[in-house]
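# Examination of the molecular architecture
Residues per chain are reported as follows:
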Amino acid sequence: MKPSSLLIFITVVLLESSNANYDWDIFDIFPWKLDPDFNRNLTELITSKGYPVQEYTAQTPDGYLLTVLNIPSGRKKVYGVRQEKKVVFLQHGLLSSACDWVLNFPNQSLAFILADHGYDVWLGNIRGNTYARKNIYYPPESSKFWNFSFDEMAEYDIPSMIDLILNVTGKKNLSYIGHSQGTTVAFALLSQKAEYNEKINMFIALAPVTTVGHITSAIRYLAPFTPDVDFLFSILGVDEFLPNNIVMKYLSEILCDTKIKFICEDVIFLICGTDYSQLNATRLGVYVSHTPAGASTKSIIHYAQMVNSKKFQMYDYGSRGNMLHYNQTSAPVYHLENITTKVGLIWSENDKLADPTDIHILEKKLKNVILSTPVKLKEFNHLDFVWGIDANILVYDNVLSLLKKNL
């Protein structure tokens, strides 16, 4: 990671919060007692809450090894649920990992809630994050390892994980729940490969992201520079963007678990939307110790390109590069009208990354929308869908209702 990639975000945060008055002492920035979840890995986050877990590895056609975890049951027997468990696959968003689904307490985390309701829960990890940093052909220190955007995730990662799950469970299909980029890759996959419209019996999209022409997130500041990709790479780094390394762990411990946690809060709100009511500040250090979990700089640039184009399209290599990659001068568009599987959309009016205007554009292109509803709390932001204190009531009740109807 180049230091400039982190400094860009911190600089913008300080500019936007320059009028705020904060009262803290330099001796307050060193935390002496950490939440145990700070240093737990994904498996430990699950088992420490009393849930069983099994670990699998999905290998993509281009050599990435993706850790897939299965929570086969809840902590106790749930009566009134069909004995034959239905399979539910959860896919995290950009800069995240499957930890997103288990970082809160059992009654607040979607993976735990689903397991306790009798579902067979599977958690996916996208190439490049903490739990998917191996490739059989080249190491993560190689630039070739990071030469991907969400195009490759949709083409290789999601199909590989879904096929693994269906093979292990012996099922013909499963329900898919995605958040943020976890929805982007599913929309791309379903629009390109018709057979996965049969393998996914229902797609529940939390904070769905396809077109991003109307976002107000800090990512929009990169959009004017996308025509000069080399310049962006020189600023952000060519390979990994905001890796979860020892430096980020230290920053999360110092900045997010003390009286100066406002810096972490402001970074989150700048990118995702402001909502103090749903942020459990006492667990902020835990959240940031697991996120960012790693992503390619190319993925960030891909979204910035779509801010300019206002289209849901593949990575734009420029007219000459596009001819080499796609045999046409422009980047191909993903045709959402090809999707036939049932889709539920749950979104927020205060989301800086999944803007309501873009959501309405998405609604019009999909053929089989069975639900499209905003969260009732207007302040709800992009990360509240996975970290929000009341996400279980404001979001997950709708999720459970949709899954129940799909039995």
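Reading the values: the criteria
Residues numbered from 1 in each chain as written. Predicted model: local features only at pLDDT ≥ 70, side-chain atom pairs only at ≥ 80, totals over all residues. Heavy atoms only, no water. Helix = DSSP H or I, 4+ residues; strand = E, 2+ residues; numbered from the N terminus. Buried < 20%, exposed > 50% of the residue type's maximum accessible area, 1.4 Å probe, protein only. Contact = heavy atoms within 4.5 Å. pLDDT = per-residue confidence, 0-100. Polar contact = N/O pair within 3.5 Å; in protein donor to acceptor, adjacent residues only side chain to side chain. Pairing = 2+ DSSP bridges. Salt bridge = Lys/Arg side-chain N within 4 Å of Asp/Glu carboxyl O. Right-handed = clockwise from strand over helix to strand, strands pointing away. Axes fitted to C-alpha atoms, helices over the stretch in contact; angles between N-to-C directions. Parallel < 35°, antiparallel > 145°, perpendicular 65-115°, else oblique. Nonpolar A, V, L, I, M, F, W, Y, C, P; charged D, E, K, R; others polar. Phe/Tyr/Trp six-rings, centres within 6.5 Å; stacked < 30°, edge-to-face > 60°. Expected span 1.5 Å × (residues − 1). Bend = angle between axes of the 7 residues up to and from the residue.

The secondary structure content of the chain amounts to 15 helices and 11 strands. Sorting the 407 residues of the chain into buried and exposed places 58% on the buried side. Contacts in the chain between residues at least 24 apart in sequence constitute 77% of all its contacts with a sequence separation of at least 6.

What follows covers the confidence of the model for the chain. Taken as a whole, the chain shows an average pLDDT of 83; of its residues, 75% reach a score of 70 or greater. When the criterion is pLDDT under 50, residues 1-32 qualifies, and its contacts beyond four places in sequence or with other chains add up to 49 contacts. Confidence over residues 244-275 falls short of pLDDT 50; this stretch has 109 contacts with residues more than four positions distant or in other chains.

Counting through the fold element by element, serine 348 comes out in the loop between strand S10 (342-347) and helix H13 (356-365). Classification of serine 348 as buried rests on a relative accessible area of 1%. Of the polar contacts made by the side chain of serine 348, one reaches the backbone oxygen of phenylalanine 380; its length is 2.3 Å. Leave out the neighbours within four places in its chain, and serine 348 touches Ala354, Pro356, Val375, Lys378, Phe380, Asn381 and Phe385.

Here the focus is the pairing of strand S1 (residues 54-59). Relative to strand S2 (residues 64-71), S1 is paired through 6 bridges, and the arrangement is antiparallel. Bridged to glutamine 54 within S2 is asparagine 70. Once S1 ends, the chain turns through 4 residues before running back antiparallel as S2, passing glycine 63 with a positive phi of about 95°.

Evaluated as defined, the whole model comprises 9 salt bridges. Here lysine 49 and aspartate 37 are joined by a salt bridge, their closest N and O atoms 3.1 Å apart. Here the residue lysine 49 occupies a position in the loop between helix H2 (42-47) and S1, and aspartate 37 occupies one in the loop between helix H1 (3-16) and H2, the gap between them amounting to 12 residues. Both residues of the pair, lysine 49 and aspartate 37, belong to the buried class. A network of salt bridges, in which partner residues are shared, links Asp35, Asp37, Arg40, Lys49 and Arg283.

Among the 6 residues of S10, 5 are classified as buried, and the element is accordingly described as predominantly covered. Relative to S10, strand S7 (residues 200-206) is paired through 5 bridges, and the arrangement is parallel. Paired with alanine 205 across the two strands is leucine 345, which belongs to S10. As defined by bridge partners, S10 adjoins strand S11 (residues 369-374) across 5 bridges and the pair is classed as parallel. If you follow glycine 344 over to S11, its bridge partner there is leucine 371. The parallel pair S10 and S11, bridged by H13, forms a crossover whose chirality is right-handed.

Now for the environment of glutamate 379. Along the chain, glutamate 379 falls in the loop between S11 and helix H14 (384-387). Sequence-wise, glutamate 379 and asparagine 350 are 29 residues apart; in three dimensions their C-alpha atoms are separated by 5.5 Å.

This part is about the packing of helix H4 (residues 150-169) against helix H11 (residues 297-309). Closest axis-to-axis distance for the H4/H11 pair is 9 Å, and the angle between their directions is 110°. Classified by the interaxial angle, the pair formed by H4 and H11 is roughly perpendicular. Along its contact with H4, which presents Phe150, Asp151 and Met153, the element H11 presents Ser299, His302, Tyr303 and Met306. Partitioning the contact of H4 with H11 into residue classes produces 4 nonpolar, 2 polar and 1 charged.

This part is about unusual backbone geometry. Its identity as a non-glycine residue notwithstanding, leucine 95 has a phi of 65°, on the positive side. Relative to the helices and strands, leucine 95 resides in the loop between strand S3 (87-91) and helix H3 (110-116). Unlike most non-glycine residues, lysine 310 shows phi in positive territory, near 60°. Note that lysine 310 resides in the loop between H11 and helix H12 (318-326).

Going through the model one piece at a time under the given rule, you end up with 18 aromatic pairs. Plain terms: the ring middles of phenylalanine 89 and tyrosine 176 are 5.5 Å apart, the flat faces sit at 70° to each other, and that makes the pair edge-to-face. Placement of the pair is phenylalanine 89 in strand S3 and tyrosine 176 in strand S6 (residues 174-179), with a sequence separation of 87 residues. For the pair formed by phenylalanine 89 and tyrosine 176, the shared burial category is buried. Ring centres of phenylalanine 312 and tyrosine 334 lie 4.9 Å apart, and the angle between their planes is 40°; on these two criteria the pair is classed as tilted. Placement of the pair is phenylalanine 312 in the loop between H11 and H12 and tyrosine 334 in the loop between H12 and S10, with a sequence separation of 22 residues. For the residue pair phenylalanine 312 and tyrosine 334, the accessibility class agrees, reading buried in each case. An aromatic cluster of three or more residues is present, and its members are Tyr64, Phe145, Trp146 and Phe148.

With that settled, the discussion passes to H4. If you check H4, its first and last C-alpha atoms are 27 Å apart, about what 20 residues at 1.5 Å a residue would give, namely 28 Å. Along its length, H4 reaches its greatest deviation from straightness, about 30°, at aspartate 157, and the proline proline 159 lies no more than four positions downstream. Within H4, 14 of the 20 residues are buried, which leaves it mostly tucked inside the rest of the structure. Phi turns positive, to about 75°, at glycine 170, one or two residues after H4.

What follows covers the packing of H4 against helix H5 (residues 181-192). One can describe the packing of H4 onto H5 by two numbers: an axis separation of 9 Å at closest approach and a directional angle of 85°. It follows that H4 is roughly perpendicular to H5 by the angle criterion. Where H4 approaches H5, its residues Phe150, Met153, Ala154, Ile158, Pro159 and Ile162 are matched on the opposing element by Gln181, Thr184, Val185, Ala188 and Leu189.

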